Amino acid sequence: MNFYSLNNRQYKVSFKEAVLMGQAPEKGLFFPESIPLLTPEFRQNWRAFSNEEIAFQTILPFVGTDIDKPALRRIVEETIPFEFPLREVESNVYALELFHGPTLAFKDVGARFLSRCLEYFVAQSEKKITILVATSGDTGGAVADAFYEVEGVDVIILFPSGKVSETQRLQLTTYGKNITACEVSGTFDDCQAMVKQAFADRDLSQRYHFNSANSINIARWLSQQFYYFIAVKQWPLGQAPVISVPSGNFGNICAGLLAGKRGLPVRKFLAACNENDLFVRYLESGDTSARDTIPTVSNAMDVGKPSNFQRVLALFENNHAAIRRHISAYRFTSAETLEAIRAIAEKTGYIMDPHGAVGYLALKAHLENNKGEAGIFLETAHPAKFSETVQPVVSQKIQAPGKIENLALKESYSRKISTSMSAFKELLMSGFK
Ligand SMILES: *Cc1c(COP(=O)(O)O)cnc(C)c1O
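What counts, and at which threshold
- Residues numbered from 1 in each chain as written.
- Predicted model: local features only at pLDDT ≥ 70, side-chain atom pairs only at ≥ 80, totals over all residues.
- Heavy atoms only, no water.
- Near = heavy atom within 4 Å.
- Polar contact = N/O pair within 3.5 Å; in protein donor to acceptor, adjacent residues only side chain to side chain.
- Areas by Shrake-Rupley, 256 points an atom, 1.4 Å probe, with all protein chains shown as cover.
- Nonpolar A, V, L, I, M, F, W, Y, C, P; charged D, E, K, R; others polar.
- Phe/Tyr/Trp six-rings, centres within 6.5 Å; stacked < 30°, edge-to-face > 60°.
- Helix = DSSP H or I, 4+ residues; strand = E, 2+ residues; numbered from the N terminus.
- Buried < 20%, exposed > 50% of the residue type's maximum accessible area, 1.4 Å probe, protein only.
- Expected span 1.5 Å × (residues − 1).
- Contact = heavy atoms within 4.5 Å.
- Pairing = 2+ DSSP bridges.
- Salt bridge = Lys/Arg side-chain N within 4 Å of Asp/Glu carboxyl O.
- 1 Å grid on protein atoms, 1.4 Å probe; cavity = no way out; pocket = protein on both sides within 12 Å on 5 of 7 lines; lining within 4 Å.
- Points joined across faces, edges and corners; volume = space filled by probe spheres on them.

Draft legend 1. Highlighting the site of the ligand. The full set close to the ligand counts 15 residues, and K107, G248, N249, F250 and T380 are the nearest of them. F250 is positioned with one of its backbone polar atoms (N or O) 2.9 Å from an oxygen atom of the ligand. T380 is positioned with one of its side-chain polar atoms (N or O) 2.9 Å from a nitrogen atom of the ligand. Contact with the protein chains covers 95% of the free accessible surface of the ligand, which is 390 Å². Broken down by class, the residue content of the shell around the ligand amounts to 6 nonpolar, 7 polar and 2 charged.

Draft legend 2. Structural detail: the packing of aromatic side chains. Following the criterion strictly, the structure yields 24 aromatic pairs and no others. Taken together, a centroid distance of 5.1 Å and an interplanar angle of 70° make the contact between Y94 and W235 edge-to-face. You can see Y94 sitting in strand β5 (residues 93-97) and its partner W235 sitting in the loop between α11 (226-234) and β10 (242-246), a full 141 residues away along the chain. Overall, Y94 belongs to the buried group, its relative accessible area being 8%. Aromatic pair F279 and Y282: ring centres 5.9 Å apart, planes at 40°, arrangement tilted. On the criterion of helical spacing, the pair formed by F279 and Y282 is a turn pair, its members being 3 residues apart in helix α13 (residues 278-285). Each of the two residues, F279 as well as Y282, counts as buried. The rings of F82, F84, F106, Y227, Y228 and F269 are connected pair by pair, giving a single aromatic cluster.

Draft legend 3. Quick look at helix α3 (residues 51-63). Look at α3: 18 Å from first C-alpha to last across 13 residues, which is about the 18 Å you get at 1.5 Å a residue. Trailing α3 by a residue or two, G64 shows a phi angle of about 60°, which is positive.

Draft legend 4. Structural detail: the environment of D138. Counting through the fold element by element, D138 comes out in helix α6 (residues 138-147). The class for D138 is buried, based on a relative accessible area of 11%. Each C-alpha atom of the pair D138 and T103 lies 8.3 Å from the other, and the pair is 35 residues apart in sequence. Residues in contact with D138, not counting those within four places in the same chain, are A105, Q168, A300, K385 and F386.

Draft legend 5. Here's a closer look at the pairing of strand β13 (residues 375-379). A large share of β13 lies buried, amounting to 5 of its 5 residues. Burial along β13 is two-sided: G375, F377 and E379 facing one way and I376 and L378 facing the other are all buried. Note: β5 against β13, 5 bridges, orientation parallel. Along β13, the bridge assignment pairs Y94 with I376. Two elements, β10 and β13, share 3 bridges in a ladder whose sense is parallel. If you follow I243 over to β13, its bridge partner there is I376.

Draft legend 6. Region of the structure containing the side chain of S247. Tracing the backbone shows S247 in the loop between β10 and α12 (251-262). We classify S247 as buried; its relative accessible area is 3%. For S247, the side chain forms a polar contact with the main-chain oxygen of V245, separated by 2.8 Å.

Draft legend 7. Summary view of the pattern of salt bridges. Within the structure shown, the criterion is met by 21 salt bridges. Among the ionic pairs, K177 bridges to E149, the shortest N-O distance being 2.6 Å. Remark: E149 occurs in the loop between α6 and β7 (153-160) and K177 occurs in the loop between α7 (166-173) and β8 (179-184); sequence separation between them is 28 residues. We classify E149 as partly exposed; its relative accessible area is 46%. As a salt-bridge pair, R169 and E166 come within 3.1 Å of each other at their nearest N and O atoms.

Draft legend 8. Focus on the layout of surface pockets. As a volume, the second largest pocket reaches approximately 290 Å³. Along its surface, the second largest pocket is lined by 15 residues, and Y4, R9, F31, A314 and E317 are the ones closest to its centre. Ranked by residues supplied to the lining of the second largest pocket, first place goes to helix α14 (residues 309-315) with 4 residues. Grouping the constituent residues of the lining of the second largest pocket by class yields 8 nonpolar, 3 polar and 4 charged.

Shown next, in the form of C-alpha cells:
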C-alpha cells in the first residue's frame with residue numbers, strides 16, 4: 001500500500017519509506033491511499049484467532065510486501081507478547097487494560113512495532129539510524145524499552161531535569177547500551193527545541209541518519225488498531241460497544257476510528273478530553289482555534305493542538321456531520337477526574353489512573369444520555385505510574401508491579417547537559433566521548 005501526504009495528495013511513498021521518514025515534507029502526515037476493509041473470511045472467523053493472528057492479518061494490507069510474511073509475523077509477536085484484559089468495573093462499563101507492557105502504558109505497543117520495523121529496514125540498508133527524541137515522561141520510557149538492544153538503531157533521549165516523575169526518570173536512565181539519556185537543565189520545550197535544531201543541523205545530518213520515533217509515525221499509529229480488535233473480541237454483550245478513548249494527540253483514537261472504518265463493530269467512539277479541549281469545541285461549533293496548553297492531572301493528554309486531528313478529518317473527508325455521527329467528545333476537569341478515581345476505588349475497589357479516569361467519565365456521561373448502551377474505556381496507564389496523584393485520593397495501597405519496583409535497584413546512567421545547543425552539538429559530533 002502507498003501512503004500520501006495530507007499536505008500534498010501527489011506526494012506518495014511506500015510503507016517502508018513512510019516509516020523511515022516519519023513525516024512527509026513540510027510537516028505533512030502520511031495517510032493510507034485506501035482503507036482496506038476486513039474480508040468476509042476475516043469477519044467470519046476472527047473471534048477465534050489468537051491476538052497475534054489478528055494483529056498479523058489486520059496490519060498486512062498496509063505493509064504489503066515491504067516486510068516478508070514470516071518476518072512480519074515475528075514482528076507482531078514481539079509487539080504484543082502481553083495481556084490486554086477486559087475487566088467489568090460496573091454494570092455495562094468495562095476497562096480495557098493497556099498497561100501490561102514493559103513500561104505500563106499503551107504506548108509500548110506502537111513503540112515496539114515501530115522499533116521492530118526499523119530494525120528490519122535498517123538490516124536491509126546497513127545504514128545505522130539514530131532516534132533523537134525529547135520527552136516529557138511517558139514517550140521516552142516506551143521508546144527506550146522498545147529500542148533497547150535493537151540492532152542498527154541508537155537512541156538519544158532528552159528529558160527535563162526534575163520535571164519527570166521518579167519512576168519515569170528510572171525508566172529513561174536504567175537501560176544503557178544503545179540508549180543514551182540526557183538530563184537537560186531546562187524545560188520540555190527546551191529539550192524539544194534542541195531536538196529540532198539537531199535535525200536541522202547540516203554537520204549533524206552528515207554524521208547521523210536521524211529519525212524521530214514520534215507518535216505520528218504510521219508504524220505507531222497503525223499498530224494501535226490491534227487492541228481495538230482484541231477488545232471487541234472479548235466483548236461479552238450482544239450489541240456493539242461504545243469505546244471511550246482518553247485523548248491527547250489523538251493518535252490512539254484515530255487508530256480505533258480506522259479499525260471502525262474497516263468494519264470492526266463499534267457503536268460509537270468517545271474522545272475523552274481534559275481541559276485541553278480543542279476537539280470538543282470543534283464538534284460543538286467547528287471552532288479549531290488552538291489555545292495554550294493547560295496543565296492537568298492527566299498530563300500525557302495535555303496537548304493544545306492534537307497532531308492527529310488532520311487524520312481524523314481525513315478519515316471522514318472533512319465532513320463535520322459524519323464526524324459527529326461517529327464520535328462524541330467530552331471534557332472533564334482535574335477535580336472531576338480525581339473525584340472519579342476516589343469514588344470508583346471506594347465503590348468497587350478498582351483503581352484507575354488519571355487518564356483512564358477521564359475515559360471512564362466520558363463513558364458514564366454518554367451512557368447517561370443513551371440508556372441501554374454499554375461500553376469500554378481504555379485504561380491507558382497503570383495507576384502506579386502516577387502514584388503521586390492517585391495515592392492521596394484512594395484508601396487502598398497502590399500495588400506497583402515488579403517491573404517498577406526493581407527499577408530502583410538498577411544502575412542509572414544519564415548525561416547531565418545544559419540547554420546550550422553548541423555544547424550539545426559538540427557532544428553529538430564526538431559520539432558522546
Ligand atoms: C499518550 C497518552 C495518552 C494520549 O494518547 P494520544 O494518542 O496522544 O491521544 C493517554 N494516556 C496515556 C497514559 C498516555 O501516555
